[in-house]
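Analysis of the macromolecular model
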Amino acid sequence: MALTYKVLGQSNPAATTATTLYTCPTSTSVVLSSITICNQAGSSGSYRVAIRPNAENLAAKHYIAFDRSIGANATETHTIGVTMDAADVVTIYASSATMSFNAFGVEIV
């Protein structure tokens, strides 16, 4: 069993668009240790983060953060320790195109 510590995904999504940040590869498990959200705008905004098992269609049950406020020029880090298996997807959403998302963790092959 090989462990690879890495940046799992980075994205600056379009405004108000559900966007894939990371998909767990085939024959792989992942421990998603943290997600960082950075609002680069001079005004506050909001964001969403969801974990979709086996690439299910996005639904209310998948959200771990929903319309969470983030201040102007602010950064938030969520240390979560979520376990994922092949085809699980991290989906993000931002109220404006001025937010970036970073996911960090360990891939286990």
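Residues numbered from 1 in each chain as written. Predicted model: local features only at pLDDT ≥ 70, side-chain atom pairs only at ≥ 80, totals over all residues. Heavy atoms only, no water.

Describing the nonpolar core
Of all hydrophobic cores here, the largest spans 21 residues; its most connected members are Leu 32, Tyr 47, Val 49, Val 90 and Phe 101. Only strand S2 (19-23), strand S3 (29-39), strand S4 (45-52), strand S5 (63-70), strand S6 (75-85), strand S7 (89-94) and strand S8 (99-108) provide two or more residues apiece to this core. Looking at this core element by element, the count peaks at 4 residues for S3. Not counting residues within four places of it along the chain, the set of residues in contact with Leu 32 comprises Leu 8, Ile 51, Ile 80, Gly 81, Val 82, Met 84, Val 90, Ala 103, Phe 104 and Gly 105. (Core = buried A, V, L, I, M, F, W, Y, C linked by side-chain atoms within 4.5 Å. Buried < 20%, exposed > 50% of the residue type's maximum accessible area, 1.4 Å probe, protein only. Helix = DSSP H or I, 4+ residues; strand = E, 2+ residues; numbered from the N terminus. Contact = heavy atoms within 4.5 Å.)

Considerations on the side chain of His 62
When you line up the elements, His 62 lands in the loop between S4 and S5. The residues contacting His 62, other than those within four sequence positions of it, are Val 49, Ala 50, Ile 51, Arg 52, Pro 53, Glu 56 and Asn 57.

Some details on the sheet that holds S5
Strand order across the open sheet formed by 4 strands is S2-S7-S4-S5, with antiparallel pairing between neighbours. Because the sheet does not close on itself, it has two edges, and the strands there are S2 and S5. With direction set aside, neighbouring strand axes in the sheet form an average angle of 20 degrees. The pairing of S2 with S7 spans 4 bridges and is antiparallel. Within S7, the position partnered with Thr 20 by the bridge is Thr 91. (Pairing = 2+ DSSP bridges. Axes fitted to C-alpha atoms, helices over the stretch in contact; angles between N-to-C directions.)

Re the packing of aromatic side chains
Scanning the entire structure with this criterion turns up 2 aromatic pairs. Ring centres 4.9 Å apart and planes at 80 degrees place the aromatic pair Tyr 63 and Phe 66 in the edge-to-face group. One cation-aromatic arrangement involves Arg 48 over Tyr 93; the distance from NZ or CZ to the ring centre is 4.2 Å. (Phe/Tyr/Trp six-rings, centres within 6.5 Å; stacked < 30°, edge-to-face > 60°. Lys NZ or Arg CZ within 6 Å of the ring centre and 35° of its normal.)

What to know about the environment of Arg 68
Here Arg 68 is to be found in strand S5. At 2.9 Å, the side chain of Arg 68 forms a polar contact with the side chain of Glu 76. (Polar contact = N/O pair within 3.5 Å; in protein donor to acceptor, adjacent residues only side chain to side chain.)

Brief notes about the pattern of salt bridges
It is possible for side chains of opposite charge to pair when their charged atoms get near one another. Counted by the stated rule, this structure contains 4 salt bridges. Between Lys 61 and Glu 56 there is a salt bridge, with the nearest N and O atoms lying 3.4 Å from each other. The class for Lys 61 is exposed, based on a relative accessible area of 65%. Look at Glu 56 and you get partly exposed, because its relative accessible area is 30%. With its nearest N and O atoms 2.9 Å apart, the salt bridge here joins Arg 68 to Glu 76. Here Arg 68 falls in the partly exposed class, since its relative accessible area comes to 41%. Taking relative accessible area as the criterion, Glu 76 reaches 17% and is therefore assigned buried. (Salt bridge = Lys/Arg side-chain N within 4 Å of Asp/Glu carboxyl O.)

Just distances and angles here, no functional claims.
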